[in-house]
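Listed below are the residues making up each chain.
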Amino acid sequence: MSITPDQIQRPEVVAELRALFDDYEAALMANDVQALNDFFWCSPQVTRYGIADRQWGHDELVAYRASVPPPDFTRELHEVRITTFGADMAVAMCEFTRSDTALRGFQTQTWVRLPTGWKIVSAHVSMLPWPSSCSP
């Protein structure tokens, strides 16, 4: 199936994904482990690369989330970008800053609409030093 230009960035799909992305962020900062687990595809194929960790498969993801303490920092999102492809696939990206470090964070999530709803099928989070000349 080919995606035609009129199927990219359909406003209703972008809005749907932005709401889910915001819900994910709220669950992350509240350390709502069940909600965080539920956002991800329940499959051995799901992949999450974290700042200093990695999970291959939903079982590893669930075990990781159970071991993570609630955040003792705040996060501010910058440059949230959501690109949708048709009604059933999207990539959500953002930069973020945290109150506990001068590092700049980067987050990418690939979302797919499955029979169980929208799920993250892959995610990548990283942080690195960021020159002040590049700040938002």
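Please refer to the structure placed before this passage.
Scoring rules and cut-offs
- Residues numbered from 1 in each chain as written.
- Predicted model: local features only at pLDDT ≥ 70, side-chain atom pairs only at ≥ 80, totals over all residues.
- Heavy atoms only, no water.
- 1 Å grid on protein atoms, 1.4 Å probe; cavity = no way out; pocket = protein on both sides within 12 Å on 5 of 7 lines; lining within 4 Å.
- Points joined across faces, edges and corners; volume = space filled by probe spheres on them.
- Helix = DSSP H or I, 4+ residues; strand = E, 2+ residues; numbered from the N terminus.
- Nonpolar A, V, L, I, M, F, W, Y, C, P; charged D, E, K, R; others polar.
- Buried < 20%, exposed > 50% of the residue type's maximum accessible area, 1.4 Å probe, protein only.
- Polar contact = N/O pair within 3.5 Å; in protein donor to acceptor, adjacent residues only side chain to side chain.
- Pairing = 2+ DSSP bridges.
- Axes fitted to C-alpha atoms, helices over the stretch in contact; angles between N-to-C directions.
- Contact = heavy atoms within 4.5 Å.

(A) Main features of the layout of surface pockets. Considering only enclosed or pocket space, the largest pocket measures out at about 400 Å³ in volume. Considering the residues around the largest pocket, the lining is formed by 24 residues, among which L28, R48, Y64, F73 and R98 are closest to the centre. Of all the secondary structure elements, the ones that give two or more residues to the lining of the largest pocket are α1 (11–30), α3 (58–67), β4 (89–98), β5 (104–114) and β6 (117–128). Residues belonging to the lining of the largest pocket are distributed by class as follows: 14 nonpolar, four polar and six charged.

(B) Layout of the environment of D6. Mapped onto the secondary structure, D6 falls in the segment before α1. Judged by its relative accessible area of 61%, D6 is exposed. In sequence terms D6 and A52 are 46 residues apart; their C-alpha atoms lie 39 Å from each other. At a separation of 2.3 Å, a polar atom in the side chain of D6 contacts the side chain of T4.

(C) Fine view of the environment of R98. For R98, the location among the structural elements is in strand β4. Separated by 22 residues in sequence, R98 and E76 place their C-alpha atoms 6.5 Å apart. Here the side chain of R98 touches D100 through a polar contact of 2.8 Å, side chain to side chain.

(D) Spotlight on the sheet that holds β4. As summarised here, the arrangement of the six strands in space is β2-β1-β6-β5-β4-β3, forming an open sheet in which the pairing is mixed. In this open sheet, the two edge strands, each paired with only one partner strand, are β2 (54–56) and β3 (75–85). Across this sheet, the average inter-strand angle for adjacent strands is 15 degrees, counted without regard to direction. Of the strand pairs in this sheet, β4 and β5 are connected by nine bridges, and their pairing is antiparallel. Paired with M89 across the strands is V112, a residue of β5. Strands in contact with α3 are β1 (47–49) and β2; relative to β2, the strand with the most contacts, it is inclined by about 145 degrees.

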